[in-house]
Amino acid sequence: MGRTLVLRIGGKIAGDAQRELSIVGRNNTERAISETMQWFNPKGNN
C-alpha cells in the first residue's frame, strides 16, 4: 500500500503577483522585488 504526502510550502510571493512576475522576465522581476519606493499615491491622486 502506498502513501502520499502533499505539502504546500509558502514563498514570499504567491498568487496573482507570482503569476504576473513570471511573465515579465527575471531581470524585471528582480527589479520589482528590490524596489523600495512607492510609485503610486494611496489616496488615489496623481
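Residues numbered from 1 in each chain as written. Predicted model: local features only at pLDDT ≥ 70, side-chain atom pairs only at ≥ 80, totals over all residues. Heavy atoms only, no water.

A few words now on the overall build of the protein chain. Assigned secondary structure in the protein chain consists of two helices and zero strands. Dimensions of the protein chain, computed from C-alpha atoms along their principal axes, come out at roughly 60 × 25 × 15 Å. The buried share of the protein chain, taken over its 46 residues, is 4%. Accessible surface, the protein chain as shown: approximately 5,100 Å² in total, 52% of it carbon and sulfur. The distance from the centre of the 7 positive side-chain charges to the centre of the 4 negative ones in the protein chain is 9 Å. (Helix = DSSP H or I, 4+ residues; strand = E, 2+ residues; numbered from the N terminus. Buried < 20%, exposed > 50% of the residue type's maximum accessible area, 1.4 Å probe, protein only. Areas by Shrake-Rupley, 256 points an atom, 1.4 Å probe, with all protein chains shown as cover. Lys, Arg positive; Asp, Glu negative; His and termini not counted. Charge placed at Lys NZ, Arg CZ, Asp CG, Glu CD.)

On to the environment of isoleucine 9, then. Structurally, isoleucine 9 can be placed in the segment before helix H1 (15-24). C-alpha separation for the pair isoleucine 9 and threonine 29, spaced 20 residues apart in sequence, amounts to 21 Å.

A word on the environment of asparagine 41. Note on placement: asparagine 41 falls in the segment after helix H2 (26-34). Classification of asparagine 41 by relative accessible area gives partly exposed; the value is 33%. From its side chain, asparagine 41 meets the backbone nitrogen of lysine 43 in a polar contact 2.9 Å long. (Polar contact = N/O pair within 3.5 Å; in protein donor to acceptor, adjacent residues only side chain to side chain.)

When the charged atoms of two side chains with opposite charge come close together, those side chains can pair. Applying the stated criterion to the full structure yields one salt bridge. A salt bridge links glutamate 35 to arginine 31; the shortest N-O distance between them is 3.0 Å. Under the relative-accessibility criterion, glutamate 35 is labelled partly exposed at 40%. With relative accessibility at 54%, the residue arginine 31 sits in the exposed group. (Salt bridge = Lys/Arg side-chain N within 4 Å of Asp/Glu carboxyl O.)

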